[in-house]
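# Remarks on the overall topology
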Amino acid sequence: MMATVVTSDSTPSPLVADRRDDDRVWGRVWWFCPDRGFGWVLDDRDHAWFTTWSDLPGQGFRWLEDGVAVSFRTDRDCHGPVARDVVVESARRMAG
């Protein structure tokens, strides 16, 4: 099954990046709660980055499946490290 970000119109839309930018970090979804609209992704060094549904590309309600490979841009806000522009990179689940 291909990892997807699901939108509120019930149309799953695969968001697979077509290229890797040098400023993107690779990792996996550690935990994401669709009911609350937030979760964490881990980078390749197992550092946790907070993310919300608004950091996922697309329209309407969106969420991520736990364990899928992603890339993202890093940021920092008053609460700590934040993952922005989170994109699913493959359908393969990563160990963790």
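Structure first, text after, so check above.
Residues numbered from 1 in each chain as written. Predicted model: local features only at pLDDT ≥ 70, side-chain atom pairs only at ≥ 80, totals over all residues. Heavy atoms only, no water.

## Let's talk about the overall build of the protein chain
We count it as follows: Secondary structure counts use DSSP, requiring at least four H or I residues in a row for a helix and at least two E residues in a row for a strand, with both numbered from the N terminus. Throughout this description, buried means an accessible area under 20% of the type-specific maximum (1.4 Å probe, protein chains only), exposed means over 50%, and partly exposed covers the range between. Residue contacts are defined here by distance: any two heavy atoms, one from each residue, within 4.5 Å place the two residues in contact. Areas reported as accessible are Shrake-Rupley estimates using a 1.4 Å probe. Residue values count occlusion only from the protein chains shown.
When its secondary structure is counted, the protein chain shows zero helices and seven strands. Going from the N terminus to the C terminus, the protein chain shows its helices and strands as β-β-β-β-β-β-β. In the protein chain, which comprises 96 residues, the share counted as buried stands at 41%. Nonlocal contacts in the protein chain, meaning residues at least 24 apart in sequence, comprise 56% of its contacts between residues at least 6 apart. Just so you have it, the protein chain exposes about 5,800 Å², and 51% of that area is on carbon and sulfur atoms.

## Here we look at the side chain of R62
Our working definition: N or O atoms closer than or at 3.5 Å make up a polar contact, with two conditions inside protein: a donor-capable atom paired with an acceptor-capable one, and, for residues adjacent in sequence, both atoms drawn from side chains.
Position of R62 among the secondary structure elements: in the loop between β5 (48–52) and β6 (68–77). Only 2.8 Å separates the side chain of R62 from the backbone oxygen of L56, close enough to count as a polar contact. Among the polar contacts made by the side chain of R62, one reaches the main-chain carbonyl oxygen of G58 at a distance of 3.3 Å.

## Things to note about the packing of aromatic side chains
Put simply, the test is: Any two of the Phe, Tyr and Trp rings considered here, Trp counted by its six-membered ring, make a pair once their centres fall within 6.5 Å; the pair's planes then place it as stacked at under 30 degrees, edge-to-face at over 60, or tilted in between.
One pass over the structure, following the stated rule, counts seven aromatic pairs. An angle of 65° between the planes, with centres 6.5 Å apart, marks the rings of W30 and W40 as edge-to-face. With W30 in strand β3 (residues 25–33) and W40 in strand β4 (residues 38–43), the pair connects residues that are 10 residues apart, well separated along the chain. Residue W30 is classed as partly exposed on the basis of its relative accessible area, which comes to 49%. Consider the rings of W31 and F38, whose centres lie 5.8 Å apart with planes at 65°: the pair is edge-to-face. Grouped by ring-pair contacts, the aromatic residues W30, W31, F38, W40 and F50 constitute a single cluster.

## Observations concerning the pairing of β5
This is how it is decided: Only when DSSP finds a minimum of two bridges between them are two strands counted as paired.
Bridging between β4 and β5 involves five bridges; their strand directions are antiparallel. Opposite V41, over in β5, you have W49 as the bridge partner. From the end of β4 to the start of β5, which pair antiparallel, there are four residues, and D46 there has a positive phi angle of about 65°.

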